[in-house]
Amino acid sequence: MRDLVKSAENLLGRALGREVSVPMRFYYPTVSTLVLCTACCISGGFTAGAIKLFHKGPVTEKTILGAVGSVCTATMLLGGAILSAHGDSFAAPIEKVADAAEKVSDGDYSVQIPEPAENIRIEELEDLRNSFNTMAEQLDGMEFMRKDFMSNVSHEFKTPIAAISGFCELLSEDDLPPEEQKRYLGIVKEESERLSHLCDNILRMSRLDNTAIVARKEPVKVDEQIRKTVILLGEKYPDRAIDFSVDLEPMSLISDPDLLEQIWINLLDNAVKYSSPGNVILVSGKTEDAHPVVRVSDEGIGISAEKLPHIYDRFYQCDGSHNNAGNGLGLSIVKRIVELIGGELTCTSTEGKGTTFTVRF
């Protein structure tokens, strides 16, 4: 019976040019009915033959009842035997899912349920198999991200803590010259601020991960907000000698002003860090198709094509020489905020020539 259904399934699949599956609500009742009808015909034939061979007299009511009883008994026994032999088609796919689920519960997220080679392709079980495999893949990816996140956090914390500890030991020396003492205190202060900034970013990222909607919505003059951010960064990096070219049309948005400000701070801060003295950072903004579009372009080191897909990964830093300038969370935060607001963030870059980030709301 299974081979017959499988052959019909394969034949239909070849005719359609794709894999086909049978709906469970159709397959099991059909198979059961066919099995019972087959068993009934066989047992009825055997009973009729037995009456003709062994019954030597008139056919009475008792004979008919005995024949019907024999047919029913034989049908149930034969049908049960056939269905039992066919039971693998019913149980095997479910057993595979159960075994795979047990492995996942033990922490093995790499498990995948293979496609059925011999059993019938049942539509609902195929959906279950595909959904389970997708779930296992996502859990495996989340587990990798969790381990990678913990490793990165540990590394990012260890570096400034080791520096603070080492310079505190040097500061405890009695014969340390005042100028050296002042320099070491400056380094300790710098590393402490870096550690504090890292904690702030991790907490901010955690809050954003657990935020589904933007609850606070106020009118925001985007162009004025960006100009204020440019002034703040100019005061933050007075020694970088980097020029800002600002070309902003009046733009307004109903959104969370604090979240919007984080976008401009991170994008502009990134542009400054990866630019050289004398470079120009172009900040432009205008309304396109009734939606604000902001671009931040720099003339910095740029990003190579192979690194570009990873720039939004947490703790990822394209240029190792700038590791002390940040912790690789800025663009992850920007990406998440833009997604929450309902915008789109894109990046184009040419290595050695510069990078442009475009935010479309």
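Up top you'll find the structure we're talking about.
Sequence order sets the numbering: in each chain, residues are counted from 1 along the sequence as written. In view of the model being predicted, local features appear only for residues whose pLDDT reaches at least 70, and side-chain atom pairs are presented and counted only at 80 or more, with totals across whole chains, interfaces and linings using the full set of residues. Only hydrogens and water are removed before side-chain values are computed, so all heavy atoms of the structure are retained for them.

Thoughts on the pattern of salt bridges
In the sections that follow, a salt bridge refers to a side-chain nitrogen of Lys or Arg positioned within 4 Å of a carboxyl oxygen of Asp or Glu. All told, the structure shown has seven salt bridges when counted by the stated rule. One salt bridge in this structure joins Asp269 and Lys273, with 2.9 Å as the shortest N-O distance. Of this pair, Asp269 and Lys273 both sit in helix H8 (residues 257-273), four residues apart, which is roughly one turn of the helix. Comparing Asp269 with Lys273 shows no difference in burial state: the two are buried. Across the pair Lys286 and Glu288 runs a salt bridge whose closest N-O atoms are separated by 3.9 Å. Sharing partners across several salt bridges, the network here consists of Lys286, Glu288, Arg295 and Arg360. Secondary structure follows DSSP: runs of H or I at least 4 residues long count as helices, runs of E at least 2 residues long count as strands, and numbering of each begins at the N terminus. Relative accessible area decides the class of each residue, using a 1.4 Å probe on protein chains only: under 20% of the type maximum gives buried, over 50% gives exposed, and in between gives partly exposed.

Thoughts on the nonpolar core
In this structure, Ile226, Ile263, Trp264, Leu267, Leu268, Ile281 and Val359 are the most contacted members of the largest nonpolar core, which totals 42 residues. Taken together, the elements giving at least two residues each to this core come down to helix H6 (178-209), helix H7 (222-236), H8, strand E4 (280-288), strand E5 (291-297), helix H9 (330-341), strand E6 (344-350) and strand E7 (354-360). When residues of this core are assigned to their parent elements, the largest contribution, eight residues, is made by H8. Only heavy atoms matter for contacts: two residues are in contact if any of them lie within 4.5 Å across the pair. Ignoring sequence-local partners within four residues, the contact set of Ile226 consists of Leu248, Trp264, Val283 and Val294. Of all hydrophobic cores here, the second largest spans six residues; its members include Ala100, Val104, Val111 and Ile113. The criterion is simple. A nonpolar core is a set of buried Ala, Val, Leu, Ile, Met, Phe, Trp, Tyr and Cys residues joined through side-chain atoms within 4.5 Å.

A closer look at the sheet that holds E6
One bridge is not enough; two strands pair if DSSP finds at least two bridges between them. The sheet built from five strands is open, its strands ordered E2-E4-E5-E7-E6 with mixed pairing. Edge positions in the sheet fall to strand E2 (243-248) and E6, since each of these pairs with one other strand and no more. Between one strand axis and the next, the sheet turns by 10° as a mean value, whatever way the strands run. In the packing of H7 onto the sheet, contacts are made with E2, E4 and E5, and the angle to E2 comes to roughly 175°. Lines fitted to the C-alpha atoms define the axes, with helices restricted to the stretch that makes contact. Angles between their N-to-C directions range from 0 to 180 degrees.

Some words on the pairing of strand E3 (residues 252-255)
Side chains Leu253 and Ser255 project from E3 onto a buried face, and the interleaved Ser252 and Ile254 project onto a face without burial. In terms of strand pairing, strand E1 (residues 218-221) meets E3 through four bridges, oriented antiparallel. When the sheet's bridge partners are listed, Lys221 is paired in E3 with Ser252.

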